[in-house]
Structures are given as structure tokens and as C-alpha cells.
Amino acid sequence: MAEGNKRKYKLDQIGLVVDDIQSAVGIYEELLGLGPFKIIDWPIEGINPNSSLYGKPAQWKMKLGFADTDDIKIELIQPVEGRNIFREFLDECGPGLHHLRFTVKDFDDAVSDFQKRGYTLMASGNGAHEGSRWAFFDTRSDLQGLVVELRTDIGEEAEKKGWLK
């Protein structure tokens, strides 16, 4: 990090789009020793994610796999149904590294900052933890193909409580 630069946000997740989550989990666990992965269907039954795609309400389904690696989580994303940024990525690029997720203290300010810088808000919604919100920005032209996800810092207690049901 260059002198004088301060980390603005906490990197806490790497998101990869896959075409077959079971196969991907198997190779990540066997080859790299990552995992175990917790696989879920999204949206979680009983939770309204209030998802949007390019500013319009949208609904889609995915299979998600999560594994912890100390401070950074690995998220595997298999699009299942509906139009979404993950299906777009898979169709255009094939499986691979999709985004970095950063936890932010002031979500609204961070979202506003990205928008003021001219980054398109690709998708947004509510997360599976109480008070959790997320937003994906099209930073691909500046970050050599990577998308940035911002997520609210909900605190350790809310994280420990687990997902809303």
C-alpha cells in the first residue's frame, strides 16, 4: 500500500461464478483443502431480498457455497434461474473470479461514493442477516474485469446470530 493510503473498506470475500457448484466444491476441497463449504439456495425461503438489477426490481435464484479461510470467505455462485449479473458473467466469460466484497461502516456513503465516481450500480438488495444490505458495482474497466460488492458492516454479534429465517 502506498504511503499515505488508508484502507477504506475491509476485504472479506472473494466471489467466483461456477457452472456446477457440486463439482466446484469437490475440487476446491480436494485440490486446495478449502472448506467445508456450506451450500444454500438463494433466496433463502422466507426472506425477501428486495433485489434489483440495473435499478429495476428483479428476482433470480442461485446456489451459493461459502467457505471460511480466516479473514476472507470464498463464495461460489451458480446461477439457477432468472436474469442476473452472475448469469451474464457466466455467459460472457465462463466460470471464474467475479468480484471482491468489501464490508463498509457507512453503506449509504460508500454506495454514493461509487456512484459519484461513475460506477454503475449493477445489482443490490438485502442480505440474509438482519440489517445486511449489498450492492454490486461495475468496476470492470478500472479493475481489469473485477466487480466490487459493498456490504453493510452488521457487526460480529449479528454475524454470529446466523441468517434470518
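Further up the page is the structure itself.
Residues numbered from 1 in each chain as written. Predicted model: local features only at pLDDT ≥ 70, side-chain atom pairs only at ≥ 80, totals over all residues. Heavy atoms only, no water.

## Focus on the pattern of salt bridges
Item 1. Applying the stated criterion across every chain, the model contains 11 salt bridges.
Item 2. Residue lysine 63 pairs with aspartate 41 through a salt bridge whose shortest N-O separation is 2.6 Å. With lysine 63 in strand E5 (residues 61–69) and aspartate 41 in strand E2 (residues 38–42), the pair connects residues that are 22 residues apart, well separated along the chain.
Item 3. When the shortest N-O distance is used, the salt bridge between glutamate 88 and arginine 83 registers 3.2 Å.
Item 4. One connected set of salt bridges, linked through shared partners, spans Lys8, Asp113 and Arg117. (Salt bridge = Lys/Arg side-chain N within 4 Å of Asp/Glu carboxyl O. Helix = DSSP H or I, 4+ residues; strand = E, 2+ residues; numbered from the N terminus.)

## Focus: the environment of glycine 155
Item 1. Summarising the element assignment, glycine 155 is placed in the loop between strand E10 (147–152) and helix H4 (156–161).
Item 2. For glycine 155, a relative accessible area of 26% gives the class partly exposed. (Buried < 20%, exposed > 50% of the residue type's maximum accessible area, 1.4 Å probe, protein only.)

## Some remarks on the packing of aromatic side chains
Item 1. In this structure the tally under the stated criterion is seven aromatic pairs.
Item 2. Judged by centre distance (5.8 Å) and plane angle (45°), the rings of phenylalanine 114 and tyrosine 119 are tilted.
Item 3. Between phenylalanine 114 and phenylalanine 137, the ring centres sit 5.0 Å apart and the planes meet at 40°, which makes this aromatic pair tilted. Here the residue phenylalanine 114 occupies a position in helix H3 (residues 107–116), and phenylalanine 137 occupies one in strand E9 (residues 133–138), the gap between them amounting to 23 residues. Take phenylalanine 114 and phenylalanine 137: they sit in the same class, and that class is buried.
Item 4. These aromatic residues form a ring-pair network of at least three members: Tyr9, Phe114, Tyr119 and Phe137. (Phe/Tyr/Trp six-rings, centres within 6.5 Å; stacked < 30°, edge-to-face > 60°.)

## A word on empty space enclosed by the protein
Item 1. Considering all chains together, one arrives at one cavity of 30 Å³ or more under this definition.
Item 2. If you add up the space inside the largest cavity, you get close to 50 Å³.
Item 3. For the largest cavity, the full set of lining residues is Ile85, Glu88, Phe89, Glu92, His98, Met122, Arg140 and Val147.
Item 4. In terms of residues, the lining of the largest cavity owes the most to one element, helix H2 (residues 85–93), which gives four residues.
Item 5. The residue makeup of the lining of the largest cavity, split by class, is four nonpolar, one polar and three charged. (1 Å grid on protein atoms, 1.4 Å probe; cavity = no way out; pocket = protein on both sides within 12 Å on 5 of 7 lines; lining within 4 Å. Points joined across faces, edges and corners; volume = space filled by probe spheres on them. Nonpolar A, V, L, I, M, F, W, Y, C, P; charged D, E, K, R; others polar.)

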